[in-house]
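# Observations on the model geometry
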Amino acid sequence: MTLQQEIVGNAMQMAVVSLQPGQTVYCEAGKFLFKTTNVTMETRLSGPSNADGQQQPQGGMGGMLRQAMGTAMQVGQRALAGESLAFQYFTSTRGEGTVGFAGVLPGEMRALELDGTRAWFAEKDAFVAAESTVDFGIAFQGGKTGRSGGEGFVLEKFTGRGTVIIAGAGNFIDLDPADFGGRIEVDTGCVVAFEEGIQYGVQRVGGLNRQGLMNAVFGGEGLSLATLEGNGRVILQSLTIESLANALRKAQGGDKQGPTGGLFSTHAG
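Not measured: the values here are computed from a predicted model.

Along the polypeptide, Glu108 turns up in the loop between β7 (97-102) and β8 (109-115). Relative accessible area serves as the criterion here: at 17%, Glu108 is assigned to the buried category. Polar contacts involving the side chain of Glu108 include one to the side chain of Asn171, which spans 3.5 Å. Polar side-chain contacts of Glu108 include one of 2.9 Å to the backbone nitrogen of Phe172. The residues contacting Glu108, other than those within four sequence positions of it, are Gln13, Ile166, Ala167, Gly168, Gly170, Asn171 and Phe172.

Taken in spatial order, the 3 strands make up an open sheet running β14-β17-β16, and their pairing is antiparallel. In this open sheet, the two strands that pair with only one neighbour each are β14 (183-186) and β16 (199-204). Across the sheet, the axes of successive neighbouring strands diverge by a mean angle of 30 degrees, strand direction being ignored. Here β14 pairs with strand β17 (residues 224-229) via 4 bridges, running antiparallel. Opposite Arg183, over in β17, you have Glu229 as the bridge partner.

Here we come to the pairing of β8. Taken residue by residue, a regular strand's side chains alternate between the two faces of the sheet. Within β8, 5 of the 7 residues are buried, which leaves the element mostly enclosed by the surrounding structure. Here 7 bridges tie β8 to strand β12 (residues 154-167), and the two strands are oriented antiparallel to one another. When the sheet's bridge partners are listed, Met109 is paired in β12 with Ala167.

Thresholds, definitions, all that
Residues numbered from 1 in each chain as written. Predicted model: local features only at pLDDT ≥ 70, side-chain atom pairs only at ≥ 80, totals over all residues. Heavy atoms only, no water. Helix = DSSP H or I, 4+ residues; strand = E, 2+ residues; numbered from the N terminus. Buried < 20%, exposed > 50% of the residue type's maximum accessible area, 1.4 Å probe, protein only. Polar contact = N/O pair within 3.5 Å; in protein donor to acceptor, adjacent residues only side chain to side chain. Contact = heavy atoms within 4.5 Å. Pairing = 2+ DSSP bridges. Axes fitted to C-alpha atoms, helices over the stretch in contact; angles between N-to-C directions.

Structure (structure tokens):
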């Protein structure tokens, strides 16, 4: 059953979802806005495990233990990733119901349609809501990519079939690296989401020479850029969380990084 949704608004968009009787959608805690009275709300630690979003009981003590351990592993992964520990599930019980969701920053939202052949990866906190047929997971980035990338060691991963709604800061642009010679280089904080098949990495800005140091110290990008290679859809955002935080600090008279940015930034996040 296709999820009927409409994204409305401009500077701070919202997703208004229409649920058919018995249809379930879930969101990360804190992304819910409103619902009609015929939509039930339930908060659970576990993610969806089947098409209707309900956890099916498993036989015997062994089944219950495996289910409990699986839930504990999911919660542990989300805790390590800095994500919300719980999901909220919304199900229409009598007739068509309506639920509203939003992100946490001024910016756009996007509905992605998964057909079961390709997963999608997104930055932390991009997830807003999804059909119960879409599985939410955590993909840990190891090595140099995890230490240097703006996603902070982890990416959100979406698999299965159905609609998933994501949000970001500022405006979105859709690109395919294949249209630009197979590779693009991006500010690490501008990556919102990309399809499976796109290779994500991090590289140093320039060499360890005079120009490389100038880029790092005065260019405002720090020492690294994200690299995206392959053939597939990539979504970038025009506003990074770091630049928004710096602008707010500056407006409050608390900007300590001076005119150079880059290496001399006092931003700790």
